[in-house]
Amino acid sequence: PQLICATPTFILSRIWPDAPADMLQAAAAIEHAPWLVANLSLSRMPEERRGAQLSWDNVIYQSPGLGYVVATHQQIRTRPGPTVLTYYRAFGGADTKQSRQQLLATPRETWTETILAEMERIHPNIRQITTNVNITRYGHAMAKPTTGSLWHGKRALLSRPVGRIQLAHADLSGFSIFEEANYHGVRCAENALAALGYASRSLL
């Protein structure tokens, strides 16, 4: 049998403490930025003050957040109704540990007020139509590229098979995007098929 472990690298030492030491060191060297995600339930579509018309993915100019998406954009309905806006904010500062502590220590009510104040710049009636704000904190949301991290260091060690074990995750590329996660998944699947004696045409 073959094992493909597709987990973030920051938990590798907890689930595989006997992994080769150089792999554990490479995994520990990858920094992860904390994120805040908030789902705002609205009783109706918001009014718009200025800027481009509301779309699926929206970014506020000169905002600390990454923007927000209309989570109900794929619903099939004949007229506007209640909706959910999903807001994202990344904490990619130099000191990720401090950012993580700030994210955890800041009360939910403070984050709610901060987000509503930011959204209010674009949607003046956002407070009146918001029925619920659900906030989730991700302490290690995404791998954070740092100077030299993409082309140097020992990160490539994480892509090598160790016996029948392989790692597959976007973290192995040093930054978190779907295409990188897909690449490592396909790479490991092809390696596993080859190890089991199956001939396969490369999908990469």
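All values derive from a computational prediction rather than experimental measurement. (Residues numbered from 1 in each chain as written. Predicted model: local features only at pLDDT ≥ 70, side-chain atom pairs only at ≥ 80, totals over all residues. Heavy atoms only, no water.)

**Side note on the overall build of the protein chain**
Item 1. Scanning the protein chain from terminus to terminus reveals six helices and seven strands.
Item 2. N-terminal to C-terminal, the α/β element order of the protein chain is β-α-α-β-β-β-β-α-α-α-β-β-α.
Item 3. In the protein chain, which comprises 204 residues, the share counted as buried stands at 36%.
Item 4. For the protein chain, the share of sequence-separated contacts (at least 6 apart) that also reach a separation of at least 24 residues comes to 68%.
Item 5. Separation of charge centres in the protein chain, based on 20 positive and 15 negative side chains, amounts to 2 Å. (Helix = DSSP H or I, 4+ residues; strand = E, 2+ residues; numbered from the N terminus. Buried < 20%, exposed > 50% of the residue type's maximum accessible area, 1.4 Å probe, protein only. Contact = heavy atoms within 4.5 Å. Lys, Arg positive; Asp, Glu negative; His and termini not counted. Charge placed at Lys NZ, Arg CZ, Asp CG, Glu CD.)

**Digging into helix α3 (residues 96-105)**
Item 1. Here α3 has its buried residues at Thr96, Ser99 and Leu103. Seen along its axis, α3 keeps its buried residues to an arc of 55°; they face one direction. Opposite its buried face, α3 presents the exposed residues Lys97, Gln98, Leu104 and Ala105, each directed more than 90 degrees away.
Item 2. Buried residues belonging to α3 abut β2 (32-42), α4 (108-120) and β6 (130-143).
Item 3. Measuring from the side-chain oxygen of the N-cap residue of α3 to the backbone nitrogen of Lys97 gives 3.2 Å; that N-cap residue is Asp95. (Arc of directions from axis to C-beta. Polar contact = N/O pair within 3.5 Å; in protein donor to acceptor, adjacent residues only side chain to side chain.)

**Concerning the side chain of His32**
Item 1. Inspection of the secondary structure puts His32 in strand β2.
Item 2. A distance of 3.4 Å separates a polar atom in the side chain of His32 from the backbone oxygen of Ile30.
Item 3. A distance of 2.8 Å separates a polar atom in the side chain of His32 from a polar atom in the side chain of Asp171.
Item 4. In this view, His32 contacts Thr9, Phe10, Thr96, Arg100, Gly139, His140, Met142, Ala143, Lys144 and Asp171; residues no more than four positions away in its chain are not counted.

**Things to note about the environment of Gln25**
Item 1. Inspection of the secondary structure assignment puts Gln25 in helix α2 (residues 21-28).
Item 2. Considering only alpha carbons, one finds Gln25 and Arg155, 130 residues apart in sequence, at a separation of 9.0 Å.

**Overview of the nonpolar core**
Item 1. Formed by 21 residues in total, the largest nonpolar core has its most connected members in Leu36, Leu40, Tyr68, Tyr87, Ile115 and Met119.
Item 2. Broken down by secondary-structure element, the contributors of at least two residues to this core are β2, β4 (67-70), β5 (83-90), α4, α5 (126-129) and β6.
Item 3. When neighbours within four sequence positions are excluded, Tyr87 is seen to be in contact with Leu36, Val37, Ala38, Leu40, Gly65, Gly67, Tyr68, Ile115, Glu118 and Met119.
Item 4. Core analysis: the next-biggest nonpolar cluster, separate from the first, contains twelve residues, Cys5, Ala27, Ile30 and Leu158 among them. (Core = buried A, V, L, I, M, F, W, Y, C linked by side-chain atoms within 4.5 Å.)

**Topic: the state of the cysteines**
Item 1. Here the structure, examined in full by the defined rule, presents zero disulfides.
Item 2. No disulfide involves Cys5; its sulfur sits 9.6 Å from the nearest other cysteine sulfur, which is in Cys188.
Item 3. Relative accessible area serves as the criterion here: at 15%, Cys5 is assigned to the buried category.
Item 4. Judged by its relative accessible area of 0%, Cys188 is buried. (Disulfide = S-S within 2.5 Å.)

**Quick word on the pattern of salt bridges**
Item 1. Tallied over the full model, the rule gives four salt bridges.
Item 2. A salt bridge links Asp22 to Arg160, with the shortest nitrogen-to-oxygen separation between them at 3.0 Å. With Asp22 in helix α2 and Arg160 in the loop between β6 and β7 (165-167), the pair connects residues that are 138 residues apart, well separated along the chain.
Item 3. A salt bridge links Arg127 to Glu120; its shortest N-O distance comes to 3.2 Å.
Item 4. One network of salt bridges, in which partners are shared, links Glu113, Glu120 and Arg127. (Salt bridge = Lys/Arg side-chain N within 4 Å of Asp/Glu carboxyl O.)

**What to know about unusual backbone geometry**
Residues other than glycine predominantly adopt negative phi, and peptide bonds predominantly adopt the trans conformation.
Item 1. Even without being glycine, Gln62 reaches a positive phi, approximately 55°.
Item 2. Within the secondary structure, Gln62 sits in the loop between β3 (57-58) and β4.
Item 3. Residue Gln62 is classed as exposed on the basis of its relative accessible area, which comes to 65%.

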